[in-house]
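# What the coordinates show
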Amino acid sequence: MKIEPVTGWSLGISGKSLLNTGAANRANACITPPFSPIFMMPSQSDKIPVNPNEISKPVLAEAKEALIISVKTAVSPPMTHLPIATPQAIKYEVMFPEGRDFTYEEVFEMIPEYDVLCSMFDFPVNKELIDHASKLRLIANYAVGYNNIDVAYALEKGLTVANTPDPVTAPTANIALGLMLDTARRITECDRKLRTLGKDMKVGVLENLGMPVTGQTLGIIGMGRIGKALAKRANALGMDVIYHNRRQLCIEDETKLNVTYVSKEELLAKADFVSLNAPYTPDTYHILGEEEFKQMKPSAILINTARGPLVDEHALVKALREGTIHGAGLDVFEFGDYPLPELLEMDNVVLTPHIGTQTMETRIIMARTVCNNVIGFLEGNRPVSRVLRP
């Protein structure tokens, strides 16, 4: 993808960057994340250009065109070096701390001077921060989800909120599928036991039996981009797919995806696998709790790659312990980065630390999407992925 040259504004990134330690705190480059907030402000003539030699070499090969967007010459691969921007070409000011993320308090102190804030999915953009950001025009989130942002209040204040839906669709659907296969066929459990050199592993034709996948019914709660992508993958495995969504899809989409709309109650009763792919909102908080688990099959497996608070995790522990459901594959957890300790002790649970989009390619594309959202908003020369409602 060719990156068009831009002139006249300054970009600022705050948070971890792909620059080596000691890189300039102000630079006219768009650096791929992970990062915390990004800020924008009008350019000044005294900004320091990035030296391409300071960019981490392992990243350079993967992120060539994502690194510099504020130079007169458009950057697109193949290329062997990155041009140094002259002061006349500087458009965006890059702001980032060295080797860490900005704290909320630091952002709160700085935000009044900036026009754009780019936030990670776990950085809180609340009413207090929005009110303090007197110049703020755009909040560009580095995620498809935006439950970290008070979207309703931001829109009420006339701000634009943007997210990154396209890059995360395939990798998140893939991790959901991986958790389904892993949990059903006990892959991680058998790997873990085998590494004990046989102490915890029994081998035999009737040992380590898993659950089938082909011919089973997958119930998807939340048929957005990721839900649709997962449905396609499930169809390829020979699964029947039913779904529940805030709004039923049109008949053409249902036919194309080979899916059937049902009520949530019917989905829970029929599905062998229940995958959560809905956004986190007040309406979806604890969408699965003790009563819902009782409606599921004793052989059912829960998959959650959406947001942790969609599941009442204490109720899940109880359901797994009592055999109300068979197992769970979780990439997200209700109370933060770690699951309840009880889940760590269960062989019928597969856990991953929110790695749904954790590939280098995805991270680079997400960073590019954030940059394009910002540039498109300021320049009007490319589409912006706008969040239109909470």
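For the structure, see preceding data.
Residues numbered from 1 in each chain as written. Predicted model: local features only at pLDDT ≥ 70, side-chain atom pairs only at ≥ 80, totals over all residues. Heavy atoms only, no water.

## Details of the pattern of salt bridges
According to the stated counting rule, one finds 15 salt bridges in the structure shown. Linking R192 and D347 is a salt bridge whose minimum nitrogen-to-oxygen distance equals 3.1 Å. Of this pair, R192 sits in helix α6 (residues 187-194) while D347 sits in the loop between α12 (341-344) and β14 (349-351), placing them 155 residues apart in sequence. On the basis of relative accessible area, R192 is assigned to the partly exposed category, the value being 37%. Across the pair K264 and E292 runs a salt bridge, and its minimum N-O distance is 3.8 Å. Here the residue K264 occupies a position in helix α9 (residues 264-270), and E292 occupies one in helix α10 (residues 290-295), the gap between them amounting to 28 residues. Of the two residues, K264 and E292, both sit in the buried class. Look at the salt bridges and you will find they share partners, linking R186, E189, R192, K193 and D347 into a network. (Salt bridge = Lys/Arg side-chain N within 4 Å of Asp/Glu carboxyl O. Helix = DSSP H or I, 4+ residues; strand = E, 2+ residues; numbered from the N terminus. Buried < 20%, exposed > 50% of the residue type's maximum accessible area, 1.4 Å probe, protein only.)

## Quick look at the environment of L159
For L159, the location among the structural elements is in the loop between α4 (151-156) and β7 (160-162). Taking relative accessible area as the criterion, L159 reaches 10% and is therefore assigned buried.

## What to know about the pairing of strand β13 (residues 327-330)
Side-chain alternation along β13 places G327 and G329 on one buried face and A328 and L330 on a second face that is also buried. Bridge count for strand β12 (residues 301-304) against β13 is four bridges, and the pairing is parallel. Note on β13: the bridge partner recorded for I303 is G329. As a crossover connection, the stretch from β12 through helix α11 (residues 313-321) into β13 is right-handed. When β13 meets β14, the two strands line up parallel, connected through three bridges. By the bridge assignment, A328 is partnered in β14 with V349. (Pairing = 2+ DSSP bridges. Right-handed = clockwise from strand over helix to strand, strands pointing away.)

## A look at the packing of helix α5 (residues 165-185) against helix α13 (residues 360-379)
One way to put it is that α5 packs onto α13 with a least axis distance of 8 Å and a crossing angle of 160°. The angle between the axes of α5 and α13 places the two elements in the roughly antiparallel class. Judged by the twist between their axes, the crossing of α5 over α13 is left-handed. The segment α5 lies against α13, with P167, V168 and P171 engaging T362, I365, M366 and T369. Grouping the amino acids of the contact of α5 with α13 by side-chain chemistry returns five nonpolar, two polar and no charged. (Axes fitted to C-alpha atoms, helices over the stretch in contact; angles between N-to-C directions. Parallel < 35°, antiparallel > 145°, perpendicular 65-115°, else oblique. Left-handed = near helix turned anticlockwise from the far one by under 90°. Contact = heavy atoms within 4.5 Å. Nonpolar A, V, L, I, M, F, W, Y, C, P; charged D, E, K, R; others polar.)

## What to know about the environment of H132
Residue position: H132 is located in helix α3 (residues 127-132). The spacing of H132 and I111 is 21 residues in sequence and 7.2 Å in space, taken between C-alpha atoms. Setting aside anything within four residues of it in sequence, one finds H132 in contact with F108, I111 and P112.

## Things to note about α11
All of the buried residues along α11 are E313, A315, L316, V317, A319 and L320. Where the residues of α11 are buried, they touch α10, β12, β13, α12 and β14. Between the side-chain oxygen of the N-cap and the backbone nitrogen of H314 there are 3.3 Å, and the N-cap of α11 in question is D312. Looking one or two residues past α11, G323 carries a phi angle of roughly 75°, positive in sign. (Polar contact = N/O pair within 3.5 Å; in protein donor to acceptor, adjacent residues only side chain to side chain.)

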